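Given next are the chains, with one letter for each unit.
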Amino acid sequence: MAAGSALLVGLVEEFVSGQQDSKAADTATGLKAGQFTILQLVEALGLHLASSQPQTRARGVQLLSNVLQQCHGDLTEREVDVLLAFYENRLKDHYVITPHVLKGMEALTKCSVLPPGSAVSILKSLFQDVHVQSLMLVERSCVYNILTQLMESRESELKGLGADFVFGFVQSVDGERDPRNLLLAFQIARKIIHGGYDLGKFTEELFEVTSCYFPIDFSPPPNDPHGITQEELILALRAVLTGTPRFAEFLLPLIIEKLDSDVQSAKVDSLQTLTACASVYEHKELAEFLPGLWASLRREVFQTASERVESAGLAALGALTACISRSVLNSDSEDYLDVFLDLVLKDCQHHLCEPDLKLVWPSAKLLQATSTASYRASHRVAAAIMPSLIEQYNSRTQCAQRRTLLEVLQGFVQPAKSSEDESVLLDFRQSLCSIVFSALSENSAGLQITSLRVLTALSQQTVLLLESDVELAVDHLTRLILEEEDAKVSLAVVECAGALAGLHPLAFISKLVPRLKGEIFSESMAQGDCATPSQEHSQQAVRQRCLTALAAVSSRPSVVQESTPVLLQVLTSSHTGTGLFSLEEVISVCHNLQRIAEHAQDTEETGHVFHDIIIPRLLGLALQAAMRGSSDHPSPLVEESVLSAMVPVISTTCARLQSQLAGQTATRAVSLFLDGDMSFLPENAFPSQIQLLKQAGDSWSQSQMVCLLMGCVCSLPRSVEVPQIDRLLLELEELSCTCGHPFSYTSAAKCYAGLVNKRPAGEALDSLIDGTLKRISTELDCASSSVRTQAFTLLLWVAKALLLRYHPLSTALTDKLFSLLSDSELGSLAADGFSLLMSDSPDVLNRGCNADVRIMYRQRFFTENSAKLVQGFNSAAQEKKSGYLKALSHIVNYLPRQVQLTELPALLPLLLEALSCPDQAVQLSTLSCLQPVLMDPPSALITQLEALVGRTLTLTTSPAMKVRIASLRCIHALSRFPEHEIMPFRARVLRALAVPLDDLKRMVRSEAVVARNEWFLLGSPGGR
């Protein structure tokens, strides 16, 4: 113990007299090790604490406080009691000691053994002996932390102080300026309000000491290490000001005053604070200030040019109305809601009768915000303004005025409140329906579009449309689909039909679907040979609208069951030749089937429609067309474009099927393509022996059906096991490596890759990939091989499949691709292949097809391979370098912009070289990469200005319009470089830009004008 005492004395002496701050940590370590106690430390400090020199006493207290900050958890209740008494006494000492005393007290308030009553003692000492706002920032923060900790651990003791605690806090925080401490102070004030502390007669003082900061006007300095934002302070203060209804009499006049401010942020803050108040206050707190609040809100919405202020004002009005609506009416009490709505209606209603004037819209928005707040308000506003609006519409004859009135009506119909099965608009149902149906019969496109939106809004409230109204609406929609040629009206019709069909499917099943079917297959449509070109074009446009409408209304299973047979019948007719449907219409049918698969309700019933009917029918029709082959009258279903359009229908369906149905689909598809099992196909009149994965001679029409197999098996959930997968993969590999038909072997490679991507990791997969790579390498390494292109295609798709899932063997395949960049035959294809590796594939190997796609695979590929690319470029012969440049351009172009900004400076020499490459695709891709970087150029780009300017100016006369446009945008971006760096190039650029000013293409001329203006203004007083 003697040794410990000697050690302690030495540490104290070195800290206090030797000014060695590190000894505080050594002292804390000794205390934790039990070499001495905290009270022995106090005794050892005795002479220093009793010194006549304030600085010596301060060093002694500093050592004790520093030790306590590290060891407060090891103290006993008796030790804490003694130390608190010591610190409270020291608060009366010299001011240089106070900061260290506060740190020590802060540490003691964290003790779990704080003696009963000590919280009150600490606060009384603080409030009596410390003038907080005369302290430095850190010491003020200590005071707020002490208050926070005591409120958390000794709440009942603090509440025992009554209003004295609130008064002490008000005195402490009064005049605080630092945002860090203000955040703490606001949090304490919020706890006082929400924690049930007695505010007593100091309610106004607490409000005044916090509201003086409202509205918050704080902009954090750049690179602020503390990270305090204006939004944080605004929300913290708002939580205080809106925390209690007792602040209402002070806050509401303050908000009215601040709304007169010219600062937009102050207006928005005031309005949002008012919105927050309304959720806390009751009608009695608002009643006195309603006229003033309404006048301010009306002014802001009527006069503001800011959408933020307008939306905040409308939100505040809605919140006020909702608050007043919650008032409970007595027989002798005034209805504050009626009083307030009288104010609103008085100032706004008459503007609705002036559809030509600009105040009609602010007035409508104010009334709509009021109406949406509550059922009572909605009922009152509707009763007041709906008769007037309906009368105005019926009395006006100009389409523009009627459209304005209809748009105003739409605003009231859309959010109309309903109480159980009753709508506030029920009394006006017949008039509204009459207006909508009459507007649909007008010739004005704008009026028709608005009426369709109103009809959609009416349909959302089931009580407003009777069955007869729905049927009449369907008749109007059908007429517009068949007769209206305006694209915007057609789009609105389709959207409205889709919305109504989801709510009233029976009307569409009985009326619209049969009518559209009849129109699609009508005799006049079929007489294509007798029709003039304009008539034929018009007939095709009608059919296209019918097909689109059928897809739009097919969200409910019952409608899907009726609409999809019509679409399938179009495919059948085009295949058999009984209907003269164009190739574009056949492709459109497939696209619309895909839309149905995407948007129809995901139910078992819908799944069965696609599994049992649509997929077998598509496969059957495609197989019939393939069997017919290239006869005198080939079916359009053998066209690549049609088969490519069928694939998304099948893949989208299979991706959404329930596991059981998905498994059955996989089994059927594999059996069909491997074994020729056609038992599930409709109209099964096919040869008994058929091998779709074997190309017999030139029968590519059968082998290309492998794309449909891809749609069936490559989009299935990963939990669904594909049957006979090993055999299937072997057949696909064989087809992709031996078939001579590009579409067939490409589809086979994609299907193979889609299955490999989902195959579980393990020896079986590794063995499969090794075998495939060996076969690919054998073909690629043989210059005389006739299937090098096929082998390359398989290599590319398998490399993408493995790259997406981070498979270790992906490196071997991508290295093989890099080696092909210098190949005389496949070099260009290999360079373009990197675009496929980095891009999203639409029909396979994407997340929609349930593929295994890892995050940031592009960045990873770039990081691992950029050095190889640069090395290959440097070692390649001059005539082979363009392949490396094209590959680099493709890779960089698909990287996220932030990664481009980081990596491009290192690759700049290669990219500049790419600008000189004769390949226009390389030029365009490189320019697209450079433009965003030029907007905020790193220093590496500035050092290459001569080359950048020269090569981009050369490309402004490129034969390709897209290259000319991209180069002009880069020239424009170069004008943002530091002025002293680019001024030497000004005359040269202006001369060069004179040529694209006379370009034949308007878009090029437009870009040239913008770029030349920026360069012309360089260095001038009016320039940047």
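Being a predicted model, the structure only gives us computed values, none of them experimental.

## So, the overall build of the protein
Part 1 of the reasoning: When its secondary structure is counted, the protein shows 53 helices and two strands.
Part 2 of the reasoning: Radius of gyration (C-alpha) of the protein: 39 Å, far over the 31 Å computed for a compact globule of 1024 residues.
Part 3 of the reasoning: For the protein, the spread of C-alpha atoms along the principal axes amounts to about 115 × 85 × 70 Å.
Part 4 of the reasoning: Looking at the protein as a whole, 55% of its 1024 residues qualify as buried.
Part 5 of the reasoning: Counting every atom, the protein has about 44,100 Å² of accessible surface; 50% of that belongs to carbon and sulfur.
Part 6 of the reasoning: Of the charged side chains in the protein, 85 are positive and 113 negative; the average position of the first set lies 4 Å away from that of the second.

## What to know about a negative patch on the surface
Part 1 of the reasoning: On the surface, E204, E205, E208, E249 and E288 cluster together into a patch of negative charge.
Part 2 of the reasoning: Looking at which element gives the most residues to the negative patch, the answer is helix 13 (residues 203-211), with three residues.
Part 3 of the reasoning: For E205, the position within the fold is in helix 13.

## Observations concerning the environment of L39
Part 1 of the reasoning: Tracing the backbone shows L39 in helix 3 (residues 38-44).
Part 2 of the reasoning: What L39 contacts, discounting residues up to four positions off in sequence, is R78, E79 and V82.

## Here's the deal with helix 25 (residues 445-459)
Part 1 of the reasoning: Its 15 residues place the ends of helix 25 21 Å apart at the C-alpha level, agreeing with the 21 Å of an ideal helix rising 1.5 Å per residue.
Part 2 of the reasoning: Burial within helix 25 is extensive, with 12 of its 15 residues counted as buried.
Part 3 of the reasoning: Taken together, the buried positions of helix 25 are occupied by G446, L447, Q448, I449, T450, S451, L452, V454, L455, A457, L458 and S459.
Part 4 of the reasoning: Here the buried face of helix 25 lies against helix 22 (375-395), helix 23 (399-413), helix 24 (429-440), helix 26 (467-483) and helix 27 (487-503).

## Some thoughts on unusual backbone geometry
Part 1 of the reasoning: In this model, F214 is joined to P215 through a cis peptide bond whose omega is -10°.
Part 2 of the reasoning: Summarising the element assignment, P215 is placed in the loop between helix 13 and helix 14 (230-241).
Part 3 of the reasoning: A positive phi angle, close to 50°, is found at Q724, a residue other than glycine.
Part 4 of the reasoning: Residue position: Q724 is located in the loop between helix 37 (706-713) and helix 38 (725-738).
Part 5 of the reasoning: Here the phi dihedral of L845 falls at roughly 55°; this positive angle occurs in a residue that is not glycine.
Part 6 of the reasoning: Summarising the element assignment, L845 is placed in the loop between helix 43 (827-838) and helix 44 (857-875).

## As for the nonpolar core
Part 1 of the reasoning: I38, I192, L206, L571, L708, L709 and L732 are the most contacted members of the largest nonpolar core, which has 356 residues in total.
Part 2 of the reasoning: When residues of this core are assigned to their parent elements, the largest contribution, 12 residues, is made by helix 41 (residues 788-804).
Part 3 of the reasoning: Setting aside residues up to four positions removed in sequence, L732 forms contacts with L693, V706, L709, A748, C751, Y752 and L755.

## Thoughts on the packing of helix 5 (residues 54-71) against helix 7 (residues 98-109)
Part 1 of the reasoning: The interhelical angle for the contact between helix 5 and helix 7, taken along N-to-C directions, is 25°, at an axis separation of 8 Å. Taken together, the axis directions place helix 5 and helix 7 in an arrangement best described as roughly parallel. For helix 5 against helix 7, the interelement crossing comes out left-handed. On helix 7, the residues that touch A58, V61, Q62, S65, L68 and Q69 of helix 5 are H100, V101, K103, G104, A107 and L108.
Part 2 of the reasoning: Counted by class, the contact of helix 5 with helix 7 contains six nonpolar, five polar and one charged residues.

## A short note on the packing of aromatic side chains
Part 1 of the reasoning: Tallied over the full model, the rule gives 12 aromatic pairs.
Part 2 of the reasoning: Arranged with centres 6.5 Å apart and planes meeting at 45°, the rings of F127 and F165 form a pair that is tilted. One end of the pair, F127, is in helix 8 (residues 118-129); the other, F165, is in helix 11 (residues 163-173), and 38 residues separate them in sequence.
Part 3 of the reasoning: Classification of F165 as buried rests on a relative accessible area of 0%.
Part 4 of the reasoning: One aromatic cluster is present, formed by F127, F165 and Y197 through successive ring pairs.
Part 5 of the reasoning: Looking at R402, its charged tip hangs above the ring of Y393, at a distance of 4.3 Å from the centre.
Part 6 of the reasoning: Taking the ring centre of F1016 as reference, the NZ or CZ of R986 above it sits at 5.6 Å.

## Describing the environment of L84
Part 1 of the reasoning: Tracing the backbone through its elements, the reader meets L84 in helix 6 (residues 77-90).
Part 2 of the reasoning: Under the relative-accessibility criterion, L84 is labelled buried at 2%.
Part 3 of the reasoning: In this structure the C-alpha to C-alpha distance between L84 and I481, which are 397 residues apart in sequence, comes to 85 Å.

What counts, and at which threshold
Residues numbered from 1 in each chain as written. Predicted model: local features only at pLDDT ≥ 70, side-chain atom pairs only at ≥ 80, totals over all residues. Heavy atoms only, no water. Helix = DSSP H or I, 4+ residues; strand = E, 2+ residues; numbered from the N terminus. Rg over C-alpha atoms; globule rule 2.2 N^0.38 Å. Buried < 20%, exposed > 50% of the residue type's maximum accessible area, 1.4 Å probe, protein only. Areas by Shrake-Rupley, 256 points an atom, 1.4 Å probe, with all protein chains shown as cover. Lys, Arg positive; Asp, Glu negative; His and termini not counted. Charge placed at Lys NZ, Arg CZ, Asp CG, Glu CD. Patch = residues over 30% accessible without salt bridge, like charges linked within 9 Å, V, L, I, M, F, W, Y side chains within 5 Å. Salt bridge = Lys/Arg side-chain N within 4 Å of Asp/Glu carboxyl O. Contact = heavy atoms within 4.5 Å. Expected span 1.5 Å × (residues − 1). Core = buried A, V, L, I, M, F, W, Y, C linked by side-chain atoms within 4.5 Å. Axes fitted to C-alpha atoms, helices over the stretch in contact; angles between N-to-C directions. Parallel < 35°, antiparallel > 145°, perpendicular 65-115°, else oblique. Left-handed = near helix turned anticlockwise from the far one by under 90°. Nonpolar A, V, L, I, M, F, W, Y, C, P; charged D, E, K, R; others polar. Phe/Tyr/Trp six-rings, centres within 6.5 Å; stacked < 30°, edge-to-face > 60°. Lys NZ or Arg CZ within 6 Å of the ring centre and 35° of its normal.

Nothing here speaks to function; it is all geometry.
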